[in-house]
Amino acid sequence: MRKNLLSALLLGSAMLVPSIAFAEAAPEASAEPMAIAMPAANQSNLEKVVAKMPKISGYIQTGYNFQDKNNTGKDENTSSFQLKRMRLIIDSKLNDMFDIRAQFEMFSSSKDGNKKAVMTVMDAFVNMHIVPGLHFRAGQFFLPVGFENYDISPATNEFVDFSNICYRMACRNAIATPGIIDYGRDLGIMAYGDLFKNENKDFYYLSYNLAFTNGQLPNMNDNDRSKDITARLTFRPVKNLRINASYQYGEYDTAFGDIKVENINLHRVVLGAWYNDPTGLTARSEWGYLKSKDTNLQEMGFYVMAGYHFGKWLPAARFEMYRDHYNKLARTNKNNILLGVTYEPYKFLKFQVNYTMSMYTDEIKDSAMKNTDLGHQLQIMAIAKF
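In this report, the structure presented in the accompanying data block is examined.

A word on the overall build of the chain
Then, in step 1: Each helix and strand counted, the chain has 5 helices and 18 strands in total.
Then, in step 2: Element-wise, carbon and sulfur atoms account for 61% of the exposed surface of the chain, whose accessible area totals about 19400 Å².

So, in structure tokens, the structure goes:
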């Protein structure tokens, strides 16, 4: 395995040489209204027309991945170049009250052994801005669950991948669609706003979100009459510090074999704190809990990360643990230690190198997967924004 990992490091280092030139992308997820430049008084008629046109942005995330998968005693290491994400984002300010966003994901899909390109709608919503303390959103949007799903995008994340709190709790419905990722999106309506501006007028002490959504997969109608309720409060005692509490509740219809069961409840809670100085320290921690009182489903996760901005460099580390108490042999039952560095020479381009060591639980090590003790992963990615 050491030879494979050494080869991966040498191959990955070579990928950091080329540079790519694109323009800057807007963040994917933000509770703030989208800002789109309005024409100045001295602009020509053509410039005014161009300024009112929709803003098109996006990003491409591509690179190399090496992963040690020796969970059966066989050599199952993977070594591959990857196109992780390719996003296209369209923003348009209709007037001072309304703006819209559409975001598309392009990826490869495999069916019957045949690969084909697929485009799917990630976001499609309209915002209505009443006052700073009251906005409305309708359509398909990212849910306000935790920091990673709502305030951070793959283009702005400190690491290549999010934590399992985001992937397992915000981007997955463990009852309605347990084996399918829903990307933390849903169809519905949401009220949100900022309250109590500080003395210097540069931040608000409190923000809130309240959403009513289908609780179904994106781009699909609801299959029952109940709706998900998602509530979130964000408190900012000082400018760079945010303390967050998110809660989501839903009831879903599912089937166990030929038996259909209705109105199974699911509770999701994410608590976190994030200190973020763009020119210095960034540190974040979140704790998440998922439980259904109608079933034995119960999952819990936690992570803590810290990094420091040294000009264009951001070295960072993350410790993460996740436990599925119902399925004790799920391979998510592990602790991860991640060491990474981000280099952003331009606003439109950044490189990331992440090394992750995974330590599995005793139940997994004592099971049929007894050869699994430590897992290793190396990711070397570039994100180009336009």
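From this point, the discussion proceeds with the structure in view.
With respect to the packing of aromatic side chains
Then, in step 1: In this structure the tally under the stated criterion is 10 aromatic pairs.
Then, in step 2: On the numbers, 5.5 Å between centres and 65° between planes, the contact of Phe-147 with Trp-274 is edge-to-face. Of this pair, Phe-147 sits in helix H3 (residues 146-150) while Trp-274 sits in strand E12 (residues 259-276), placing them 127 residues apart in sequence. No difference in accessibility class separates Phe-147 from Trp-274, as the two residues are buried.
Then, in step 3: Aromatic pair Trp-287 and Tyr-289: ring centres 6.0 Å apart, planes at 5°, arrangement stacked.
Then, in step 4: With a relative accessible area of 23%, Tyr-289 lands in the partly exposed category.
Then, in step 5: Through pairs of rings, three or more aromatic residues link up here, namely Phe-125, Phe-142 and Tyr-150.
Then, in step 6: One Lys or Arg, Arg-137, reaches over the ring of Phe-125 and ends 4.3 Å from the middle of that ring.
Then, in step 7: Stacked on the ring of Trp-274, the Lys or Arg Arg-284 has its end atom at 4.8 Å from the ring centre.

What about the pattern of salt bridges?
Then, in step 1: One pass over the structure, following the stated rule, counts 15 salt bridges.
Then, in step 2: Measuring nitrogen to oxygen at the nearest pair gives 3.2 Å for the salt bridge that ties Lys-84 to Asp-161. Residue Lys-84 is located in strand E2 (residues 78-93), and its partner Asp-161 is located in the loop between H3 and helix H4 (164-170); the two are separated by 77 residues in the primary sequence.
Then, in step 3: Residue Asp-161 is classed as buried on the basis of its relative accessible area, which comes to 17%.

Topic: the state of the cysteines
Then, in step 1: In this structure the tally under the stated criterion is 0 disulfides.
Then, in step 2: Between Cys-166, a free cysteine, and Cys-171, which holds the nearest cysteine sulfur, the sulfur-to-sulfur gap is 4.0 Å.
Then, in step 3: Judged by relative accessible area, which is 4%, Cys-166 ranks as buried.

Quick look at the environment of Thr-282
Then, in step 1: Along the chain, Thr-282 turns up in strand E13 (residues 281-291).
Then, in step 2: Given a relative accessible area of 1%, Thr-282 falls into the buried group.
Then, in step 3: Sequence spacing of Thr-282 and Tyr-308 is 26 residues, and the spatial spacing of their C-alpha atoms is 5.9 Å.
Then, in step 4: Excluding residues that lie within four positions of it along the chain, Thr-282 makes contacts with Glu-158, Trp-274, Tyr-275, Asn-276, Met-305, Ala-306, Gly-307, His-309 and Leu-314.
Then, in step 5: Of note is the side chain of Thr-282, whose polar atom sits 3.3 Å from the side chain of Trp-274.

Concerning unusual backbone geometry
Then, in step 1: Not every positive phi belongs to a glycine, and Lys-201 is a case in point at roughly 60°.
Then, in step 2: Mapped onto the elements of the fold, Lys-201 is located in the loop between strand E8 (185-197) and strand E9 (204-213).
Then, in step 3: Assessed through its relative accessible area of 57%, Lys-201 is described here as exposed.
Then, in step 4: Its identity is not glycine, yet Asn-263 carries a phi of approximately 60°, on the positive side.
Then, in step 5: When you line up the elements, Asn-263 lands in strand E12.

Details of the nonpolar core
Within soluble globular proteins, side chains that are nonpolar generally end up buried alongside one another.
Then, in step 1: By size, the foremost hydrophobic cluster in this structure holds 26 residues, and its most contacted members are Phe-141, Ile-175, Met-190, Leu-266, Leu-290 and Leu-297.
Then, in step 2: Elements represented by at least two residues in this core include exactly strand E5 (134-142), H4, E8, E12, strand E14 (298-308) and strand E15 (313-324).
Then, in step 3: With near-sequence residues (within four places) excluded, Leu-290 lies in contact with Arg-168, Met-169, Arg-172, Ala-174, Leu-266, His-267, Arg-268, Leu-297, Gln-298 and Glu-299.
Then, in step 4: Judged by nonpolar contacts, the second largest core, of 6 residues, contains Ile-152, Cys-166, Cys-171 and Trp-274.

Looking at the pairing of strand E18 (residues 374-385)
Then, in step 1: Across the 12 residues of E18, 11 count as buried, placing the element largely inside the fold.
Then, in step 2: Pairing between strand E1 (residues 55-67) and E18: 9 bridges, direction antiparallel. Across the sheet, residue Gln-67 finds its bridge partner in E18, namely Gln-377.
Then, in step 3: When strand E17 (residues 349-360) meets E18, the two strands line up antiparallel, connected through 11 bridges. Within E18, the residue paired with Thr-356 across the bridge is Gln-377.

Here is what the cut-offs are and how they apply
Residues numbered from 1 in each chain as written. Predicted model: local features only at pLDDT ≥ 70, side-chain atom pairs only at ≥ 80, totals over all residues. Heavy atoms only, no water. Helix = DSSP H or I, 4+ residues; strand = E, 2+ residues; numbered from the N terminus. Areas by Shrake-Rupley, 256 points an atom, 1.4 Å probe, with all protein chains shown as cover. Phe/Tyr/Trp six-rings, centres within 6.5 Å; stacked < 30°, edge-to-face > 60°. Buried < 20%, exposed > 50% of the residue type's maximum accessible area, 1.4 Å probe, protein only. Lys NZ or Arg CZ within 6 Å of the ring centre and 35° of its normal. Salt bridge = Lys/Arg side-chain N within 4 Å of Asp/Glu carboxyl O. Disulfide = S-S within 2.5 Å. Contact = heavy atoms within 4.5 Å. Polar contact = N/O pair within 3.5 Å; in protein donor to acceptor, adjacent residues only side chain to side chain. Core = buried A, V, L, I, M, F, W, Y, C linked by side-chain atoms within 4.5 Å. Pairing = 2+ DSSP bridges.

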